[in-house]
Amino acid sequence: MEIGSQQRSLQTRPFLREWKRLWSEPLFAIATIILALSIIIFIVAPVFAVLLKSFGIGTGDFTVANYEKFFQTSYYINSLLNSVKAALISTAAVVLLSVVVSLYVTRSQSFVAKTYRGIALLPLVAPPFIFSLSLIILLGRNGVVTQYLNSWFGWEFSIYGFWGVVFAQIIGYFPVGYMLVESTLRTTNTSLEQASQDLGANQWKTIFNITIPLAKSGIIKAGLLVFVMALADFSNPMIIGGGLPFLASDAYLLVVGQQNIEMAAVLGVFLIVPSLLVFIFQTYFLKDTNLETISGESGGNNAPLKGTVKRVITTVTTIFIAFISLMFIMVVLGAFVKIIGINNAFTLEHFSNQTGWDSLYNSIVVSFFGALLAAGLGILQGFLFARKAIPGKKLLEFLTLFGLAVPGTVMGIGYVLIFNGPPFFLTGTVMLLVLNMAFRKIGVGLEAGISKMHQIDTSMEEASQDLGAGPYRTFWSVVLPLLTPAFVAGFVYAFMTAMVSISSVIFLVSPGTNLAATYILNLAEQARIGMASAMSFILIVIVLGCIGLLKILEKKSGVKV
């Protein structure tokens, strides 16, 4: 008994020591507690609320009847199967295209390669459903291409349905996979490729036996992320799904159309479980495998493509990049003509919609304050985590970053459950939208803060304190100015992504607080293509401006976000 008591005492001592050290600077201790409570309320509680609601807790006794209903209803089973099948196909296509385009871009220094890289990342600046809109303009029942196919060959063709969702997901989520694969290929040890070719292997063999195996961590990460994002895709099935059931869009319809939050919560659980598994796998099992690709002479120039390899990879890359460009061209044309493909007369009338401008104003306000909060709290959290002894620091960091991994649909349902009654009745307010945006993006500010703090030598803070400044004055006068570039970079990124976010906020908007992305989605659902294209065009221009600013800040500050 005495030995066990001593062991427990030894285990609790480090915790108590950290707790006492934290309270030696009371303001930092209070800030840590406020941050921890905020993370619990705005990230953890909504996820748990969805989980508990799926078991009937909150409105009655514990029950698994909702899950039994899910597995006994063919509609929900089809919803699950459609979501999983579309996610698997989209993931396979995105990973394959990411490898091909990355091989082309990383093995050429030409202007064309740099241009292709820029176009490959373009889908990041648009709401995720914008490509459904472009596909409808091109291949819908009265689409530009469809009309030619009908008149020339008599083909009755329509992009609506399962494959329309898949194509939209491939283009929409391609940049996520591409960035991870390209980053890994750029840091591949080029000496191994050179050794392979010196030993007589042709370029195909080198790519399949050396290059791709070395890039496997980036490829696996890309596949997992794209799969989770495609599985949780909410907007594309609504616009181009042709009435087919999908998990995320059905969860939204259950909440908005039928007020059946219990079943929506069950569908949400099927979205959150894969996200949680992927997040844990990437955080704890895949993190260290990057080391195998950045050892030795990594970062050197990759061997240029030659012969058949060059022709095949260049052709596939060019076709895909042209397709992405075409998607954006369709949106721009749709914004400036009366009815694209039918009446192509130039017009600006699509930009004269006052409701659209009001929703754009709301988006800017909500995104601005949401990004301000996300960057500010994230940077403060980064400082505290990097410099202070905080009990449970790893757990808090995990929960903060988990906010980035939770599907927006789940977070939206969770916010409806938590903030639609006392003690936090915030439904229908701008404040709730701001808080939702902020805590979904706070992980970006945290990562930027920790990254910057690792670049700041602690000797500067020690010198300040040796000269008589206390910990708070040192933080205010020395640390905070050095963290400013990270704050601004985090703010711009959070603002940019908040402007095009939709899957979470669509549960929270009210008639007076409608946002641009949700308004565009409504227009697209009503087949008001011209107005939807015009609003999308404005949104894309704003986000492109933010990216330009972000690049300038990254270049000047050296902080990658």
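Attention in this report is confined to the structure presented alongside it. (Residues numbered from 1 in each chain as written. Predicted model: local features only at pLDDT ≥ 70, side-chain atom pairs only at ≥ 80, totals over all residues. Heavy atoms only, no water.)

1. A short note on the packing of aromatic side chains
If you walk through the whole model with that rule in mind, you get 36 aromatic pairs. Here the aromatic rings of Phe 71 and Phe 270 are separated by 5.9 Å at their centres, their planes lie at 75 degrees, and the arrangement is edge-to-face. Here the residue Phe 71 occupies a position in helix α3 (residues 65–72), and Phe 270 occupies one in helix α14 (residues 261–285), the gap between them amounting to 199 residues. Taken together, a centroid distance of 5.6 Å and an interplanar angle of 45 degrees make the contact between Phe 279 and Phe 402 tilted. On the criterion of sequence distance, the pair formed by Phe 279 in helix α14 and Phe 402 in helix α17 (residues 393–405) is long-range, its members being 123 residues apart. The buried category is assigned to Phe 402, whose relative accessible area is 9%. Grouped by ring-pair contacts, the aromatic residues Phe 55, Phe 62, Tyr 67, Phe 70, Phe 71, Tyr 75, Tyr 76 and Phe 270 constitute a single cluster. Its end group placed over the ring of Phe 162, Lys 85 keeps NZ or CZ at 5.7 Å from the ring centre. (Phe/Tyr/Trp six-rings, centres within 6.5 Å; stacked < 30°, edge-to-face > 60°. Helix = DSSP H or I, 4+ residues; strand = E, 2+ residues; numbered from the N terminus. Buried < 20%, exposed > 50% of the residue type's maximum accessible area, 1.4 Å probe, protein only. Lys NZ or Arg CZ within 6 Å of the ring centre and 35° of its normal.)

2. Digging into unusual backbone geometry
Here the phi dihedral of Gln 259 falls at roughly 55 degrees; this positive angle occurs in a residue that is not glycine. If you trace the backbone, Gln 259 turns up in the loop between α13 (247–256) and α14. Residue classification places Gln 259 among the exposed positions, given a relative accessible area of 58%. Positive phi is not limited to glycine here, since Ala 527 has a value of about 60 degrees. When you line up the elements, Ala 527 lands in the loop between α22 (516–525) and α23 (529–557).

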